[in-house]
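# Architecture at a glance
Spelled out, the chains give:
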Amino acid sequence: MPYFSRAQQGIILLLGAALLLLWAWRANFGQPPSPLPPASVNPVFVEVGGAVSRPGVYAFASPPTLPDVWRQAGGPGPPPPGAGSIPSGSRIEFAQAGQYQLDRMRGAQLLTLGLALELNQATKEDLEALPGIGPALAGRIVEYRRTRGPFRKIEDLERVSGIGPKKLEKVKPYLSIGE
């Protein structure tokens, strides 16, 4: 076994203590654990365009009403009359005379916001935004739906030529079936 002088032993001991302190500091040793993040809120996203001063996509804590959206987007004057709440993923286009048109956001935008595509309403372009779905396969899905009627469950996609179990598992998290 090698022999270390008293000075060498002191240096080794100091280095060991410094490493131990560095480890304790980096690991927040002796500190209370970090608080849990607040409960996640699923925001309601609404896209607004047309005759408003601030067009764009807005997030609401709960489904907004038409006046809520109008005020948020800076609509001029009083809000147009409208009843009921607006679902997430909606697109509202306001006209100058106070009329509006309610529609769905484009598929790529829905997916970017973490919202699912409604399989029975999605257009060919919407479906192309899904991972692994190109123009030809999106066209076959739309054609299948047009000739055979709406899908009853997402698993029915396997009946479309070109969609097997692996591809279905890949796109399933991005799709939903409405009422």
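Residues numbered from 1 in each chain as written. Predicted model: local features only at pLDDT ≥ 70, side-chain atom pairs only at ≥ 80, totals over all residues. Heavy atoms only, no water.

### Overview of the packing of aromatic side chains
Any two aromatic rings considered together are summarised by their centre-to-centre distance and by the angle between their planes. Taken as a whole, this structure holds three aromatic pairs when the rule is applied. Between Trp70 and Phe94, the aromatic rings sit 4.8 Å apart at their centres with planes inclined by 75°, giving edge-to-face as the arrangement. Of the two residues, Trp70 sits in helix H2 (residues 66-72) while Phe94 sits in strand E3 (residues 90-94), which places them 24 residues apart along the sequence. What makes Phe94 buried here is its relative accessible area of 3%. Centre to centre, the rings of Tyr144 and Phe151 are 5.5 Å apart; their planes meet at 15°, and the pair counts as stacked. (Phe/Tyr/Trp six-rings, centres within 6.5 Å; stacked < 30°, edge-to-face > 60°. Helix = DSSP H or I, 4+ residues; strand = E, 2+ residues; numbered from the N terminus. Buried < 20%, exposed > 50% of the residue type's maximum accessible area, 1.4 Å probe, protein only.)

### Focus: the side chain of Glu118
For Glu118, the location among the structural elements is in strand E5 (residues 117-118). Salt bridges are absent for the buried Glu118, whose nearest opposite-charge side chain, Arg145, sits at 6.3 Å. Only 2.8 Å separates the side chain of Glu118 from the backbone nitrogen of Asn120, close enough to count as a polar contact. Look past the residues within four positions of Glu118 in its chain and what remains in contact with it is Ser176, Ile177 and Gly178. (Lys, Arg positive; Asp, Glu negative; His and termini not counted. Salt bridge = Lys/Arg side-chain N within 4 Å of Asp/Glu carboxyl O. Polar contact = N/O pair within 3.5 Å; in protein donor to acceptor, adjacent residues only side chain to side chain. Contact = heavy atoms within 4.5 Å.)

### Some words on the pairing of strand E1 (residues 44-50)
The buried fraction of E1 amounts to six of the seven residues, a majority that puts the element mostly inside the structure. Alignment of E1 against strand E2 (residues 56-60), held across five bridges, turns out to be antiparallel. Its bridge partner lying in E2, Glu47 is registered against Val57. Between the end of E1 and the start of E2, which pair antiparallel, lie five residues. Direction of pairing for E1 relative to E3: parallel, over a ladder of five bridges. Looking at the pairing, Gly50 lines up with Phe94 of E3. (Pairing = 2+ DSSP bridges.)

### Overview of the confidence of the model for the chain
Mean pLDDT for the chain: 88, with 91% of residues reaching 70 or above. Across the chain, the secondary-structure element scoring lowest on mean pLDDT is helix H1 (residues 6-26), at 87, and the one scoring highest is helix H5 (residues 135-148), at 95. (pLDDT = per-residue confidence, 0-100.)

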